[in-house]
Amino acid sequence: MAKVLGKPIKRKEDPKLITGHGQFTDDIKLPGMLFAAMKRSGLAHAKIKTINTDQALNHPGVVAVYTGKDVQDKIKPIRSIWLVPGCDLIPKDRVPLAVDKVNYAGEAVAMVIAESRYVARDALDLIEVEYEELPAVVHQEAALAESAPIIYEDVPQNIAFTWKAGEVPEEVFANAEVVVNQRLVEQRVIANPMETRGAVAQYNPGSGDLTIWCTTQNPHIHRMTYADALGVPETKLRIIAPDMGGGFGAKIAVYTEEAVVALAAMELNQPVKWIEDRQEHFLATSHARDQVITTELAGTKDGKILAVRAKNIANLGAYLSTMGAGVPTIDFGLMITGAYDIPHAAAETIGVYTNTTPTDAYRGAGKPEASFQIERIINLYADKIGMDPIEVRKKNLVAKVPYTNAMGCNYDSGDYHGTLAKALETIDYAALRKEQEDARNNGRLLGIGISTYVELCGLGPSKVAGAIGFGGGLWENSTIRVHPSGKVTVFTGASPHGQGEGTTFAQVVAEKFGIPVEDIELVSGDTLMISMGWGTYGSRTTPVAGGALAIAADRIVEKAKLIAAHELEVTVDDLDFSDGVFSVKGQPEKHRTFKEIAWSANNAWNLPDGMEPALEGQCFFDPPDFVYPFGAHICVVEVDPDTGVVELKRYVSVDDVGRIINPMIVEGQVHGGLAQGIGQALWEQSVYSDKGQLLSGTFMDYTMPKAKFFPKFESSFVESPSPVNQLGAKGVGETGTTAAPSAIVNAVMDALAPFGVKDLEMPLTPEKVWRAIHDGRKG
Amino acid sequence: MKIEHKYSFKLPREVVWKYIQDSQVLRSALPGCQSFEERSDGVYLAEMGLNVGPIKGLFTTEVKQTNQIPPSSYRLIVRGKGKPGDVDATADMFIKEAGDGAQVTCVADVQVTGVLASVGQRVMGGVAKIILSQFFKAAEKEMIKEMNRV
């Protein structure tokens, strides 16, 4: 059996998906199925005076219309799962359908159930809602002003929480030779998976069983929340995440639509389907980032960083989303020192409610923001002391791991200087600086940008989850079932939805058992099939669920060995196990294959005394700590001085994501993350009018990156196994979004240096860049 | 959103002033006008069918004309409601002499909601100009008709 761990084998999932045989939520068609459509508020902040549904109800094909009043006593508000402690958090839960007041444009106020999707959509126009418009507040800094409209009477100044971590002694800043500070804006962006959200609910009134197929990254969290909201026991509620066209964090959140659809299915006793269209997605699915971060750095004149402090004003939107409070606090604040040995750090985050779509996790969730502020402030510091930004990094990068940062995070493994050295060598930094100088002399604007990032991944130890107010565990469950034929089904509580664990997990098991990858199937995303688990986010699937998988596989090998020894009449110590064969040491002709033992274990005709039949292994793995992928990204841009267009010419990434199980999948994850990270830096932005109208509500207005926007990514890897899980994996899904924005902005600022430009807000659109050049020329 | 549009009438300023607020002219010249009535308080109620790109549907509109300074300017306050969203607009109309004719400049501040905002915003300026052009052209025709009738 050839070794398969570390091999770039093609994804087992893909033939089905690329031949149109995937089963997505919208592919589920049940007899008698009805269709739901949501009436959404056109105003950002208004009292609901009346809702008239008569005309809609009389429309042919309409079965029912629900308003907020109809459902308020039947469905509880959808609670946030992450109630960050110690910050006076005032959580504002989403209500299933707005009752008295709408708090953002796009909030659902009524639901139509009809015999077809098109009738349901048409009937929305027949619902008359009379509003009394209230002044809206969109920007988080404006929301803090004394004169700002108040969204909730019990939330003064719209402040949901004030969270603090770490401390920097005053004298460090007071006595520092150099202090740099900068206000940095992480603009609001929207995750746009190919598949929007959707749900199908089916109820059996005889048994009381309710099944909801929906687009979720964490079905068990959805089950927990909807069971509570709908008053259905967990034993009667089954959540199934079928094939999913991506999530990127936007499908972590537990929303309201799925719950009202389920209620309709129960009351009407017919299955109900709701599929979000792209316009709804822009309005009603979590937005992300939207943090205004002011970072201050204290250092010496010769480049040693002494302290960093960051104040983050985070826009939570109109309600506290599922992980809305955790993202800009824990996920952000604990990592503000980045990959550097900085003795003192302090973070403060003010969470603010506004009349906008709620914000939640998006690929990286807090870490891209943390990385952006430290990588940008370091460049500004380097500029101020007249040092090359690479030299400042070399002077401050963590020298030796394990390393505990100022906030108490334990960076697990790897050589932080090594990835930087490799990236510099790949891009030939010295030659590049020379090229830049020549280009400048010819009036061309080349820029070189760097980011030496680190991120906190592999969520995480459950006792930490409890301490930080996360409303659940973060351990993971993997179960391996060996069938009589020797074929294997793996069940995992993580819920991969495009990340390729159907393949990587098969590689792990194939390596352990010495059987072909084709013999192993992965089952995930079904609360009835999987006892418990916490889902896929925070780059945790391979480190945590994979960690559980490796241990479960070892347990099976151990039992199989006992059976083989029993059958061969030797002791286990007399046996070797390799390439799927248990053989007696020195007598290789005496052997049993893994397949033979699978049959023996399942028929149980002749097992060792006291041994239970079957061959199944399970592990509930609670990792001792987080994992910390890191690396160095360097890119080259050229800015057209006449148009302001930024051309990305080269992008080199060197990442240490721990042990790599499938390099092809890992590379794909890096490329996808880079596309989104570069997208944020250069093109993407969710824009509201002052009155809270979303102006970027289509792909005509919101720039989704396309393949032709990018050069060929030059990605390579360094492998330092993490000590916190058996596989040594660190997680790779979020490296690109964490590293790329600052690398790109640093490059563009480097290109614009001759014009005295120090900082521009993302996205670096041609207009913004052209104006900066134009202003720079005027002096 | 701010919208500015100019139109040159080949009619004297006084004629333009006299007829541009005339209910008969408005009824005939408003694009897609399906009903038009004047309320006792001087507010006009109009139903207009619009169909320009994503901005499509029947809009129920209230139009109020205020701040008249003959013959040079007046203000229109428009509140429209339609399936794609609501429109709130304040438009200042300036009429000045230009050669033998008159030039009307419309300077409007427009607020929209719903799909009009999230989808229509990008094309709104263009659409508004098309609608205004249609209106002015049709109004000029009606004015000539009215003058001939007198």
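Shown above is the structure to which this text applies.
The shown structure was predicted, so the numbers you read here are calculated from the model rather than taken from an experiment.

**Things to note about the overall build of chain A**
Argument step 1. Within chain A one finds 21 helices and 28 strands.
Argument step 2. Principal axes of the C-alpha set define a box for chain A whose edges measure 90 × 75 × 50 Å.
Argument step 3. In chain A, which comprises 779 residues, the share counted as buried stands at 63%.
Argument step 4. Contacts spanning at least 24 positions in sequence make up 80% of the contacts within chain A whose residues lie at least 6 apart.
Argument step 5. Separation of charge centres in chain A, based on 73 positive and 98 negative side chains, amounts to 2 Å.

**With respect to the overall build of chain B**
Argument step 1. The helix and strand tally for chain B stands at 4 helices and 7 strands.
Argument step 2. In terms of overall size, chain B behaves like a compact globule, its C-alpha atoms giving a radius of gyration of 15 Å where 150 residues would be expected to give roughly 15 Å.
Argument step 3. Counting the 150 residues in chain B, one finds 45% classified as buried.
Argument step 4. Contacts spanning at least 24 positions in sequence make up 49% of the contacts within chain B whose residues lie at least 6 apart.
Argument step 5. Of the accessible surface of chain B, which amounts to about 7700 Å², a share of 52% is contributed by carbon and sulfur atoms.

**A closer look at the interface of chain A and chain B**
Argument step 1. With 12 residues of chain A in contact, the opposing surface of chain B contributes 11 residues.
Argument step 2. Along the contact surface separating chain A from chain B lie 0 salt bridges.
Argument step 3. The tally of links from chain A across to chain B stands at 1 residue pair in polar contact (both at pLDDT 80 or more).
Argument step 4. Looking at side-chain class alone, the side of chain A that touches chain B contains 4 nonpolar, 5 polar and 3 charged residues.

**Thoughts on the pairing of strand 8 (residues 178–190) of chain A**
All names here are of chain A.
Argument step 1. Judged by how many residues are buried, strand 8 sits mostly within the fold: 10 of 13 residues are covered.
Argument step 2. Alignment of strand 8 against strand 13 (residues 287–299), held across 12 bridges, turns out to be antiparallel. By the bridge assignment for strand 13, Val179 is matched with Ala298.

**So, the packing of aromatic side chains**
All names here are of chain A.
Argument step 1. Taken as a whole and judged by the stated rule, the model has 25 aromatic pairs over all chains.
Argument step 2. Note on Tyr104 and Tyr319: the rings are 6.2 Å apart at their centroids and 75° apart in plane angle, and the pair reads as edge-to-face. Residue Tyr104 is found in the loop between strand 4 (101–102) and strand 5 (108–114), and its partner Tyr319 is found in the loop between strand 14 (305–317) and helix 10 (330–333); the two are separated by 215 residues along the sequence. Like Tyr319, Tyr104 is buried.
Argument step 3. Considering the side-chain rings of Tyr411 and Tyr416, the 6.1 Å spacing of their centres and the 10° angle between planes classify their relative orientation as stacked.

**Examining the packing of helix 16 (residues 501–513) of chain A against helix 17 (residues 541–568) of chain A**
Residue and element names in this part refer to chain A.
Argument step 1. Across the interface, helix 16 lies against helix 17 with an axial gap of 10 Å and an inter-helix angle of 30°. Of the possible angle classes, the one that applies to helix 16 and helix 17 is roughly parallel. For helix 16 against helix 17, the interelement crossing comes out right-handed. For the pair helix 16 and helix 17, contact is made by Glu501, Phe505, Val508, Val509, Lys512 and Phe513 and by Thr541, Thr542, Ala545, Gly546, Leu549, Ala550, Ala553, Asp554, Ile556 and Val557, respectively.
Argument step 2. Looking at the contact of helix 16 with helix 17, its residues break down into 10 nonpolar, 3 polar and 3 charged.

**What to know about the sheet that holds strand 1 (residues 34–40) of chain A**
Working definition: the strands of a sheet are paired by backbone hydrogen bonds and lie parallel or antiparallel to each other.
Residues and elements named next belong to chain A.
Argument step 1. Pairing is mixed in the open sheet, where 7 strands are placed in the order 3-5-1-12-9-10-11. The sheet terminates laterally at strand 3 (62–67) and strand 11 (237–240), the two strands that pair on one side only. Here the average twist between neighbouring strands, direction ignored, is 20°.
Argument step 2. As judged from the 6 bridges shared by strand 9 (residues 198–204) and strand 10 (residues 209–214), these two strands associate in the antiparallel manner.

**Details of the pattern of salt bridges**
Residue and element names in this part refer to chain A.
Argument step 1. Overall, the coordinates contain 53 salt bridges over all chains when judged by the stated rule.
Argument step 2. In this structure, Asp526 engages Arg238 in a salt bridge whose closest nitrogen and oxygen atoms are separated by 2.7 Å. Taken together, the residues Asp526 in the loop between strand 21 (520–523) and helix 17 and Arg238 in strand 11 connect sequence positions 288 residues apart.
Argument step 3. Exposure remark for Asp526: the relative accessible area of 8% places this residue in the buried category.
Argument step 4. Of the charged contacts, one joins Arg771 and Glu767 as a salt bridge, the two residues approaching to 3.0 Å between their closest N and O atoms. Of the two residues, Arg771 and Glu767 are both situated in helix 21 (residues 766–778); the distance of 4 residues between them amounts to about one turn of the helix.
Argument step 5. According to the relative accessible area criterion, Arg771 is partly exposed, its value standing at 45%.
Argument step 6. Connected via shared salt-bridge partners are Arg40, Arg197, Glu257, Glu258, Glu276 and Glu280.

About the thresholds
Residues numbered from 1 in each chain as written. Chains lettered and ligands numbered in written order. Predicted model: local features only at pLDDT ≥ 70, side-chain atom pairs only at ≥ 80, totals over all residues. Heavy atoms only, no water. Helix = DSSP H or I, 4+ residues; strand = E, 2+ residues; numbered from the N terminus. Buried < 20%, exposed > 50% of the residue type's maximum accessible area, 1.4 Å probe, protein only. Contact = heavy atoms within 4.5 Å. Lys, Arg positive; Asp, Glu negative; His and termini not counted. Charge placed at Lys NZ, Arg CZ, Asp CG, Glu CD. Rg over C-alpha atoms; globule rule 2.2 N^0.38 Å. Areas by Shrake-Rupley, 256 points an atom, 1.4 Å probe, with all protein chains shown as cover. Salt bridge = Lys/Arg side-chain N within 4 Å of Asp/Glu carboxyl O. Polar contact = N/O pair within 3.5 Å; in protein donor to acceptor, adjacent residues only side chain to side chain. Nonpolar A, V, L, I, M, F, W, Y, C, P; charged D, E, K, R; others polar. Pairing = 2+ DSSP bridges. Phe/Tyr/Trp six-rings, centres within 6.5 Å; stacked < 30°, edge-to-face > 60°. Axes fitted to C-alpha atoms, helices over the stretch in contact; angles between N-to-C directions. Parallel < 35°, antiparallel > 145°, perpendicular 65-115°, else oblique. Left-handed = near helix turned anticlockwise from the far one by under 90°.

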